[in-house]
Amino acid sequence: MTNTDADRQLIVLTYNLLYGGARAGTLRNWKHRREAVVRAIRHCQPDLLGVQECLEDQARFLARQLPGYSWVGRGREADGSGEMTAVFFRENRFEARASGHFWLSETPDEPGSRAWDTRCTRIATWIRLQQRDSGAELLFANTHLDHGSEPARLSGARLLLQRLTTLASGAPLILTGDFNARAEASETWSVCMDGGLQDAWLAAPAVAGPDETWCNFRPPRYGAVARIDWVLFSGELGACFCESVSYREVTGFPSDHLPVRAVLQLGQEGGRMAPFVRREAARALLVTPDDEVLLMCAVNPSGGQRVWFTPGGGLQPGEKDREGLRRELGEETGRQDLNIGPQVWKRFHAFPWDSRRLHQLERFYLVNTPRFKPTMATDLATSELMSIQEFRWWTADEIDASTETFAPRRLAELLRTLRRDGPPPRPVDVGL
């Protein structure tokens, strides 16, 4: 990547903090977890940050702990009290040109106004920023849709589109928030997509992390299809990467939501999101007594990238993991007699393949085996036969020394941990 490319990238973060008065008298109250929230934000290194359920004292604490950022926010009630949807930005990258707020109601310029059977007052905060290096401008906005009223979410989404499109005036637009609606599975999300916004999770060539972003301080579920915290964009922007960040400390998760982090590229048309297919997959870690692992190399027809990964693949309707994995091993290696051991890893990722985009939840099973020569079936689909180029047994050291791309990316490290510690008591989330 050139320096120019790096300068044109933006890291955007959305994070529901859980308002400061919640869980009083417990270790989940703000005063006990606020430093962990700061560490989670620093971990993500955002250029732009939108926070929800943020009281004024929370915003001021973040501002003190995050030097180099400026912020804009206002309490949503008529007198300026209550939760805000504050926005933060890096001062060395941007200069604020204008900012403001509007309320998600039929009278959006009236402070504290409510409508559409909303359970509480809802607000949006926006800021028009000028890039210090190029002078180009963009509009950054942040909101929190209603948790109890679908008409309020739908009408709020339509108002956001109308207002923000006007405010952007053709400049790139970035909208973050807790939308209290499931992405890809709600009318609110469809309203946003039909209105010209793109979802960074779907537009990016790769994503990582669970697709459940409200975790209520517990480990998030994979495959839950409950992604309610979004990074949306339009205009001359492209998505490079998106992830839900499972940042956790010894004391637990810093908030009841996961932060969602997107890497966007300025000056790049995002295009249309590819059709996506959601599926589950089972994969085999075929490991020999000499600690070699069998990998196969395929070329992605969407972009020509070579990737080495473990045998296995998508499950057919009604298939259980072990049943589908034996079928896949028979097709890809010629072996259906292998003893499938425990599940050791899991990951969720999305990637383009051919003319589609796959949203894939993968589970990895340990299979101890002597070294053998794989034989691929000749009756596989033509696209699969053409994409798979070769098989090879690899050691962790050989993977480390290679310039090839492997999936998961930390494969060598993960294999060493597995060899040293044995199968974990619970499957490990191995990320991208």
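What this report covers is the structure whose coordinates are included nearby.

Rules used in this analysis
- Residues numbered from 1 in each chain as written.
- Predicted model: local features only at pLDDT ≥ 70, side-chain atom pairs only at ≥ 80, totals over all residues.
- Heavy atoms only, no water.
- Helix = DSSP H or I, 4+ residues; strand = E, 2+ residues; numbered from the N terminus.
- Rg over C-alpha atoms; globule rule 2.2 N^0.38 Å.
- Contact = heavy atoms within 4.5 Å.
- Buried < 20%, exposed > 50% of the residue type's maximum accessible area, 1.4 Å probe, protein only.
- Polar contact = N/O pair within 3.5 Å; in protein donor to acceptor, adjacent residues only side chain to side chain.
- Core = buried A, V, L, I, M, F, W, Y, C linked by side-chain atoms within 4.5 Å.
- Salt bridge = Lys/Arg side-chain N within 4 Å of Asp/Glu carboxyl O.
- Pairing = 2+ DSSP bridges.
- Axes fitted to C-alpha atoms, helices over the stretch in contact; angles between N-to-C directions.
- Phe/Tyr/Trp six-rings, centres within 6.5 Å; stacked < 30°, edge-to-face > 60°.
- Right-handed = clockwise from strand over helix to strand, strands pointing away.

Focus: the overall build of the chain
A count of helical and extended segments in the chain gives ten helices and 21 strands. For a compact globule of 432 residues, the expected C-alpha radius of gyration is about 22 Å, and the chain comes in at 23 Å, within 12% of that figure. Oriented by its inertia axes, the alpha-carbon framework of the chain measures out at about 70 × 50 × 45 Å. Partitioning the intrachain contacts of the chain with sequence separation of at least 6 by distance along the chain shows that 72% fall at a separation of at least 24.

Considerations on the side chain of T85
Secondary-structure assignment places T85 in the loop between β3 (69-72) and β4 (87-90). Note on T85: relative accessible area 2%, which makes it buried. Within the structure, T85 has its side chain in polar contact with the side chain of T125 (distance 3.2 Å).

A word on the nonpolar core
Judged by nonpolar contacts, the single largest core of 55 residues is most densely connected at L48, F140, L164 and L264. In terms of residue count, helix α4 (residues 150-168) provides more of this core than any other element does, seven residues in total.

So, the environment of S169
For S169, the position within the fold is in the loop between α4 and β8 (173-178). For the pair S169 and L138, spaced 31 residues apart in sequence, the C-alpha to C-alpha distance is 9.4 Å.

Describing the pattern of salt bridges
Under the criterion given, the structure shown has 36 salt bridges. Note that D146 is salt-bridged to R122, the shortest N-O span being 3.3 Å. Here R122 lies in the loop between β5 (94-103) and β6 (123-131) and D146 lies in the loop between β7 (137-144) and α4, a separation of 24 residues in the sequence. Given a relative accessible area of 1%, D146 falls into the buried group.

Concerning the environment of A200
As for its position among the elements, A200 is in helix α6 (residues 200-203). Expressed as a C-alpha distance, the spacing of A200 and W230, which sit 30 residues apart in the sequence, is 7.7 Å. Every residue in contact with A200, bar those within four places of it in the chain, is listed here: V231, F233, A239, C242, A262 and L264.

Regarding the sheet that holds strand β10 (residues 207-208)
Strand order in this open sheet of seven strands is β3-β4-β2-β1-β13-β12-β10, and the pairing throughout is mixed. Because the sheet does not close on itself, it has two edges, and the strands there are β3 and β10. Bridging between strand β1 (residues 9-16) and strand β2 (residues 48-52) involves five bridges; their strand directions are parallel. The residue of β2 that forms the bridge with T14 is G50. Each of β1, β2 and β13 (260-266) is contacted by helix α2 (residues 30-44), which is oriented at about 155 degrees to β1, the strand it contacts most.

Quick look at the pairing of strand β12 (residues 237-244)
Among the eight residues that make up β12, seven are buried, leaving the element largely enclosed by the rest of the structure. Relative to β12, β10 is paired through two bridges, and the arrangement is parallel. Within β12, the position partnered with V207 by the bridge is C242. As defined by bridge partners, β12 adjoins β13 across seven bridges and the pair is classed as antiparallel. By the bridge assignment for β13, S244 is matched with V260.

Description of the packing of aromatic side chains
Within this structure, the stated rule accounts for seven aromatic pairs. Relative to W230, the ring of F179 lies with its centre 4.2 Å away and its plane at 10 degrees, an arrangement referred to as stacked. Placement of the pair is F179 in the loop between β8 and α5 (187-194) and W230 in strand β11 (residues 229-234), with a sequence separation of 51 residues. Between F372 and W393 the ring centres are 5.5 Å apart and the planes differ by 85 degrees, which places this aromatic pair in the edge-to-face class. On the criterion of sequence distance, the pair formed by F372 in the loop between β19 (356-368) and α8 (382-387) and W393 in strand β20 (residues 388-394) is long-range, its members being 21 residues apart.

Describing the pairing of β1
In terms of burial, β1 is largely enclosed, as eight of its eight residues are buried. With burial as the criterion, each face of β1 is covered, one bearing Q9, I11, L13 and Y15 and the other bearing L10, V12, T14 and N16. As paired strands, β1 and β13 are joined by six bridges and run antiparallel to one another. In the sheet register, V12 faces β13, and the bridge partner there is A262. Between β1 and its parallel partner β2, the chain crosses via α2, and the hand of that crossover is right-handed.

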